[in-house]
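Observations on chain architecture
Here are the chains, one letter per residue:
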Amino acid sequence: MQGIPDTIKLFSFAKKELNFSHIYQVKDFPRIKKLLSNIDDEVKVELSFYIENNSIPCIEGVVKLSAVVDCQRCLNEMNLRLSPSFKLGFLKNEQQGKALDSSFEAILSTDEAFLTIEFITDEVLISIPMSPMHSHKCQSYQDKEQIKQEKHNPFAILKHTKLNIKNKE
Ligand SMILES: [Zn+2]
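Residues numbered from 1 in each chain as written. Predicted model: local features only at pLDDT ≥ 70, side-chain atom pairs only at ≥ 80, totals over all residues. Heavy atoms only, no water.

The name given to the protein in an unreviewed UniProt entry is Large ribosomal RNA subunit accumulation protein YceD, with Candidatus Ruthia endofausta as the source organism. Of the protein, the UniProt comment under Function (unreviewed entry) reads exactly: "Plays a role in synthesis, processing and/or stability of 23S rRNA." (UniProt positions renumbered as here; feature names shortened; annotations may be inferred.)

Spelled out as structure tokens, the structure:
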């Protein structure tokens with residue numbers, strides 16, 4: 001295991017069957033940093049490169065991180081444990097994919113080199129839920145707003161008084 005280079009050289013790494021691991025911080029990933037508030041926390045990455053079927057370069061790996069995001073129900077912070085894992089086969093054409101085991105996610109690409117940070121970012125972003133919410137039943141921020149408004153609305157009190165009078169009649 002060795003640190004991960006800034007640029008992934010797909011064929012060259014795969015031919016050498018290289019394994020890498022590195023501990024980044026959330027702030028090392030500009031696009032992820034914008035979405036999370038725990039930017040100093042660790043992002044553990046492991047990547048393995050190899051050739052499948054004598055011709056298809058593959059990347060297998062896992063990323064582990066905590067993501068502090070806003071709950072979309074109560075708008076308070078919540079902590080998600082993310083561990084996206086992936087097994088990718090890079091194909092030059094669709095024909096090549098027919099020989100690839102179905103456990104691989106096939107990617108059509110002729111790029112020989114790409115930025116490690118961008119590659120990891122894409123895998124992490126897919127794993128963040130579209131509207132994260134607490135697993136417990138937190139109170140919706142919309143309900144909270146409504147209660148606040150009723151308290152400040154003098155007519156809300158009138159309504160209750162009216163009802164009381166009606167009951168007395
Ligand atoms: Zn919540």
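1. Describing the coordination of the zinc ion
Those donors, Cys71 (SG), Cys74 (SG), His134 (ND1) and Cys138 (SG), are the protein atoms that reach the zinc ion, and they lie 2.0 to 2.4 Å from it. Taken together, the 4 donor atoms coordinating the zinc ion and their angles of 105 to 115 degrees define a geometry best described as tetrahedral. Positions of the donor residues of the zinc ion, expressed as sequence spacing, correspond to C-x2-C-x59-H-x3-C. Of this pair, Cys71 sits in the loop between strand E4 (56–70) and strand E5 (77–82) while Cys138 sits in the loop between helix H4 (116–127) and helix H5 (141–152), and the two are 67 residues apart along the sequence. For the pair formed by Cys71 and Cys138, the shared burial category is buried. (Donors = N, O, S within 2.8 Å, 3.2 Å for Na, K, Ca; no water. Tetrahedral: all angles 85-135°; square planar, octahedral: opposite > 155°, others 65-115°. Helix = DSSP H or I, 4+ residues; strand = E, 2+ residues; numbered from the N terminus. Buried < 20%, exposed > 50% of the residue type's maximum accessible area, 1.4 Å probe, protein only.)

2. Some thoughts on the pairing of strand E6 (residues 85–91)
Of all 7 residues making up E6, 5 are buried, and the element is well covered by its neighbours. Two strands pair when backbone bridges link them, and E4 and E6 are joined in this way by 5 bridges, in the antiparallel orientation. Each bridged residue has a counterpart across the sheet, and for Val62 the counterpart in E6 is Ser85. (Pairing = 2+ DSSP bridges.)

3. Section: the side chain of Glu123
The residue Glu123 is located in helix H4 in this model. Although Glu123 lies buried, it forms no salt bridge, and the closest oppositely charged side chain, Arg31, sits 10.0 Å away as judged by the N-O distance. Here Glu123 is in contact with Pro84, Phe86 and Leu88, once residues within four sequence places are set aside. (Lys, Arg positive; Asp, Glu negative; His and termini not counted. Salt bridge = Lys/Arg side-chain N within 4 Å of Asp/Glu carboxyl O. Contact = heavy atoms within 4.5 Å.)

4. Observations concerning the pattern of salt bridges
One pass over the structure, following the stated rule, counts 3 salt bridges. Salt bridges sharing common partners tie together Arg31, Glu118 and Asp122.

5. Brief notes about unusual backbone geometry
Unusually for a residue other than glycine, Glu17 sits at a positive phi of about 50 degrees. Following the sequence through the fold, Glu17 ends up in the loop between helix H1 (10–15) and strand E2 (19–25). With phi around 55 degrees, Asn53 is a residue other than glycine that occupies positive phi space. Mapping Asn53 onto the fold places it in the loop between strand E3 (42–52) and E4. Residue Asn53 is classed as partly exposed on the basis of its relative accessible area of 37%.

6. Comments concerning the nonpolar core
Among the nonpolar cores identified, the biggest contains 35 residues, and Leu47, Ile59 and Phe119 are the most heavily contacted of them. Of the residues forming this core, the biggest block, 5 residues, is contributed by E4. If we ignore the near neighbours within four places in the chain, the residues touching Leu47 are Ile4, Ile8, Leu18, Asn19, Phe20, Ile59, Glu60, Gly61, Phe86 and Phe119. Residues Tyr50, Ile56, Cys58 and Leu100 belong to the second largest nonpolar core, which totals 6 residues. (Core = buried A, V, L, I, M, F, W, Y, C linked by side-chain atoms within 4.5 Å.)

7. Describing the environment of Gly61
Within the secondary structure, Gly61 sits in strand E4. We classify Gly61 as buried; its relative accessible area is 12%. Along the backbone, Gly61 and Phe49 are 12 residues apart, and their C-alpha atoms lie at a distance of 8.8 Å. Apart from the residues within four sequence positions on either side, Gly61 is in contact with Glu46, Leu47, Pro84, Ser85 and Phe86.

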